[in-house]
Amino acid sequence: QVQLVESGGGLVQAGGSLRLSCAASGSISCNTMGWYRQAPGKQRELVARIISGGSTYYADSVKGRFTISRENAKNTVYLQMNSLKPEDTRVYYCQCEEIVAFRVLTYWGQGTQVTVSS
């Protein structure tokens, strides 16, 4: 059974930093790993993603402040969040995409709350 376990969320003051981690367990090899976030009543939005070769993508709202990285051997992805703003307050979700027989299988973590106080 595939599980994505997130950690590292919490409460921080504006301007502070947090580091999120997400480890995928089970028989899985994530081609792409990413972080999404969601506010109550809003759609989930992509924050950053990284493919197995190392190429990255960032949403404009976090460019220059957030850094995504991964350890392929451990199926683990990280999100270093610096210069946090109150508008970064969301539930953050880890995502893994695995390509199996030309199909894309998507797995999600349970979410971790990030709260930035002003």
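These figures come from a predicted structure and were not determined experimentally.

Q: Could you give me a rundown of the side chain of R37, with the residues and numbers involved?
A: Summarising the element assignment, R37 is placed in strand β4 (residues 32-38). A polar contact of 2.7 Å, which involves the side chain of R37, links it to the side chain of E45. Engagement of the side chain of R37 in a polar contact is seen with the side chain of S61, the distance being 3.4 Å. Among all residues touching R37, those that are not within four sequence positions of it are Q43, R44, E45, V47, S61, V62, F66, D88, R90, V91 and Y92.

Q: A description of the state of the cysteines should follow, citing residues and the corresponding values.
A: Under the counting rule described, the total for this entry stands at two disulfides. C22 shares a disulfide with C94; S-S distance 2.1 Å. Across the S-S bond linking C22 and C94, the dihedral sits near -75 degrees, which makes this disulfide left-handed. Residue C22 is located in strand β3 (residues 18-25), and its partner C94 is located in strand β9 (residues 90-100); the two are separated by 72 residues in the primary sequence. Across the pair, exposure class does not vary: C22 and C94 are buried alike.

Each value, and the rule that gives it
- Residues numbered from 1 in each chain as written.
- Predicted model: local features only at pLDDT ≥ 70, side-chain atom pairs only at ≥ 80, totals over all residues.
- Heavy atoms only, no water.
- Helix = DSSP H or I, 4+ residues; strand = E, 2+ residues; numbered from the N terminus.
- Polar contact = N/O pair within 3.5 Å; in protein donor to acceptor, adjacent residues only side chain to side chain.
- Contact = heavy atoms within 4.5 Å.
- Disulfide = S-S within 2.5 Å.
- Buried < 20%, exposed > 50% of the residue type's maximum accessible area, 1.4 Å probe, protein only.

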